[in-house]
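Fold and contact review
So you can see what is in the structure, the chains are spelled out below.
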Amino acid sequence: MADRGTISEDKRVKLYLCNEEGQWDDQGTGYVSVQKAPSGRYNIVMRSETEAESWGQLAVVLNTPLSMNDIYEMQGDTLLVWEDPFMSQHLALSFQS
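The notes below deal with the structure included here. Quick caveat, the model's predicted, so the values are computed rather than measured. (Residues numbered from 1 in each chain as written. Predicted model: local features only at pLDDT ≥ 70, side-chain atom pairs only at ≥ 80, totals over all residues. Heavy atoms only, no water.)

**A closer look at the overall build of the protein chain**
Across its full length, the protein chain holds zero helices and seven strands. Of the regular secondary structure in the protein chain, the N- to C-terminal order runs β-β-β-β-β-β-β. Computed over its C-alpha atoms, the radius of gyration of the protein chain comes to 13 Å, within 12% of the 13 Å expected for a compact globule of 97 residues. Principal axes of the C-alpha set define a box for the protein chain whose edges measure 35 × 30 × 25 Å. Across the 97 residues that make up the protein chain, the buried fraction comes to 32%. (Helix = DSSP H or I, 4+ residues; strand = E, 2+ residues; numbered from the N terminus. Rg over C-alpha atoms; globule rule 2.2 N^0.38 Å. Buried < 20%, exposed > 50% of the residue type's maximum accessible area, 1.4 Å probe, protein only.)

Structure, rendered in structure tokens:
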């Protein structure tokens, strides 16, 4: 599934967003990678496991710049959580085996 600009191997994850009540809402399962954007920045990009665009590519459900600040926290072996400054949102990626 890797394409040009992808600098990491796709990993299967489940995406969660924290709602206004402080509960984690499941946003679906897909494949996440770090990709170099045309601007030269690196982005965290997640494509849906099940939803496809009209041209057959898996739909992008997360595309946010990778922060160089220390905002990411691993909880256990499989959960990455952070407050995304670009989206003003708390996010979590649960890595699937």
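That shown, we press on.
**Describing the pattern of salt bridges**
Where side chains of opposite charge bring their charged atoms close, a pairing between them can arise. A full pass over the atoms with the stated rule returns two salt bridges. Among the ionic pairs, R12 bridges to E49, the shortest N-O distance being 2.6 Å. Remark: E49 occurs in strand 3 (residues 42-52) and R12 occurs in strand 1 (residues 11-18); sequence separation between them is 37 residues. A salt bridge links K14 to D26; its shortest N-O distance comes to 3.1 Å. Pair noted here: K14 is in strand 1 and D26 is in strand 2 (residues 24-36), with a separation of twelve residues, a long-range link. (Salt bridge = Lys/Arg side-chain N within 4 Å of Asp/Glu carboxyl O.)

**Examining the nonpolar core**
By size, the foremost hydrophobic cluster in this structure holds eleven residues: V13, L15, L17, V32, I44, M46, L62, L80, W82, L91 and L93. Among the secondary structure elements, those contributing two or more residues to this core are strand 1, strand 3, strand 6 (79-84) and strand 7 (89-95). Looking at which element gives the most residues to this core, the answer is strand 1, with three residues. (Core = buried A, V, L, I, M, F, W, Y, C linked by side-chain atoms within 4.5 Å.)

**Focus: the pairing of strand 2**
Relative to strand 2, strand 1 runs antiparallel, the two sharing eight bridges. Each residue of the ladder has a partner; that of R12, found in strand 2, is Y31. As paired strands, strand 2 and strand 3 are joined by seven bridges and run antiparallel to one another. Along strand 3, the bridge assignment pairs V32 with M46. (Pairing = 2+ DSSP bridges.)

**Let's talk about the pairing of strand 1**
In textbook terms, the turn of a hairpin is the stretch between consecutive antiparallel strands, and for strand 1 and strand 2 this stretch comprises five residues, one of which, G22, has a positive phi near 85°. In the sheet, strand 1 pairs with strand 7 via five bridges, with the strands oriented antiparallel. Bridge pairing in strand 7 places L17 opposite L91.

**So, the sheet that holds strand 7**
The strand order 4-3-2-1-7-6-5 describes an open sheet built from seven strands, whose pairing is antiparallel. Across the chains shown, the open sheet's two edge strands, defined by having one partner strand only, are strand 4 (58-65) and strand 5 (73-75). Averaged over all adjacent pairs, the angle separating strand axes in this sheet is 35°, with direction ignored. For strand 3 and strand 4, the ladder comprises six bridges, and the chain directions are antiparallel. Among the inter-strand pairings, I44 is bridged to a residue of strand 4, identified as T64. (Axes fitted to C-alpha atoms, helices over the stretch in contact; angles between N-to-C directions.)

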